[in-house]
Amino acid sequence: MVKLLLADDDARLSDLIKEYFSGEGYEVLHAWNGVEALDILAKQSPDLIILDVMMPELDGFETLKMVRAKSKVPVIMLTAKGDDIDRILGLEMGADDYLSKPFNPRELLARIKAILRRAINDKEEDLAADLESGNLLLQRKDRSVYLDGELIELTTSEYTLLECMLSLPGQVLTKQELSEKALGRKLTMYDRSLDMHISNLRKKVGVLLNGEPRIKTVRGVGYIFVDQDMRK
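What this report covers is the structure whose coordinates are included nearby.

Now for the sheet that holds strand β10 (residues 172-174). Consider a sheet: its strands pair through backbone hydrogen bonds, and that pairing is either parallel or antiparallel. Pairing is antiparallel in the open sheet, where 3 strands are placed in the order β10-β12-β11. Where the open sheet ends on each side, the last strands, each with one partner, are β10 and β11 (215-218). Here the strands of the sheet are splayed against their neighbours by 30 degrees on average, with no regard to which way each runs. Here 3 bridges tie β10 to strand β12 (residues 222-225), and the two strands are oriented antiparallel to one another. Each residue of the ladder has a partner; that of Val172, found in β12, is Ile224.

Glancing now at the packing of helix α7 (residues 175-183) against helix α8 (residues 193-205). Packing of α7 against α8 leaves a shortest axis separation of 10 Å and a crossing angle of 80 degrees. Between α7 and α8, the angle is such that the two are roughly perpendicular. Side by side, α7 and α8 meet where Lys175, Leu178, Ser179 and Leu183 of the first sit next to Ser193, Leu194, Asp195 and His197 of the second. Residues of the contact of α7 with α8, tallied by class, amount to 3 nonpolar, 3 polar and 2 charged.

All right, on to helix α4 (residues 84-92) then. Buried residues of α4: Asp86, Arg87, Gly90 and Leu91, and no others. Looking down the long axis of α4, one finds its buried residues gathered within 125 degrees of arc, a one-sided arrangement. Check the buried side of α4 and you find it contacts α3 (60-68), β4 (75-80), β5 (97-101) and α8. Once α4 finishes, Gly94 follows within two positions and takes phi at roughly 115 degrees, a positive value.

What follows is about the pairing of β12. Relative to β12, β11 runs antiparallel, the two sharing 4 bridges. Among the inter-strand pairings, Ile215 is bridged to a residue of β12, identified as Phe225. Following β11, the chain reverses through 3 residues before pairing antiparallel with β12; Gly220 in that reversal takes a positive phi of roughly 80 degrees.

On to the pattern of salt bridges. Summed over all chains, the structure comprises 16 salt bridges. The salt bridge involving Lys101 is made with Asp52; its shortest N-O contact spans 3.2 Å. Of the two residues, Lys101 is situated in strand β5 and Asp52 in strand β3 (residues 48-52); the sequence distance between them amounts to 49 residues. There is no split in this pair, since Lys101 and Asp52 are both buried. Each of Asp97, Glu107, Arg111, Arg185 and Asp191 takes part in one network of salt bridges that share partners.

Each neighbour pair has its own omega, and for Lys101 with Pro102 the value is -10 degrees, a cis peptide bond. One can find Pro102 in the loop between β5 and α5 (105-124). Backbone geometry at Glu57 places phi at a positive 70 degrees, although glycine is not the residue there. Checked against the element boundaries, Glu57 lands in the loop between β3 and α3.

Parameters at a glance
Residues numbered from 1 in each chain as written. Predicted model: local features only at pLDDT ≥ 70, side-chain atom pairs only at ≥ 80, totals over all residues. Heavy atoms only, no water. Pairing = 2+ DSSP bridges. Helix = DSSP H or I, 4+ residues; strand = E, 2+ residues; numbered from the N terminus. Axes fitted to C-alpha atoms, helices over the stretch in contact; angles between N-to-C directions. Parallel < 35°, antiparallel > 145°, perpendicular 65-115°, else oblique. Contact = heavy atoms within 4.5 Å. Nonpolar A, V, L, I, M, F, W, Y, C, P; charged D, E, K, R; others polar. Buried < 20%, exposed > 50% of the residue type's maximum accessible area, 1.4 Å probe, protein only. Arc of directions from axis to C-beta. Salt bridge = Lys/Arg side-chain N within 4 Å of Asp/Glu carboxyl O.

Okay, here's the thing in structure tokens:
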């Protein structure tokens, strides 16, 4: 049974989510604040965390920072409706996705299924060949990425995006393609999560040896991964 950890101090919303997801066959662990969430994470190893931004004792951002220091478990942030700053900050700090309150539980379920489906697909490809471009190496067997031999930490979404682009170097991938392949959903008009994940990924994988960007933007279309070996 898939185990979810919900960290939210809203009693009514928490009861609604627990009831809905229990009916869908999920086990839901609940924490009232970030401190409790970290304790449950350490003891029960949930498959995914649903993390509210506004919580007492330890807010969602501080909790996410501490989660990412020790775990790659997928995280969905719950943010205030229309608060772009919270959404951007959450993605920059390593969240895999976000959802604005109020929301339909079916939308949250769809987001969770998409993230978990990616995780399953990644595990099935663990024995596939490694992907390499110049000084960048992606090892599928343990989902690790190295730059100049040094391990770089990527979130689930960042890793999947990089794997998609490394698999098709030199090809333009539309935002819609990347959103469906890497995030598991169609891109909507005001959804900026893909752009934020790409921005974070660029910072982590660095530039080519000649100083050019490794991931280039094709304005109005999408992105292209420039293979170091193709530039020689």
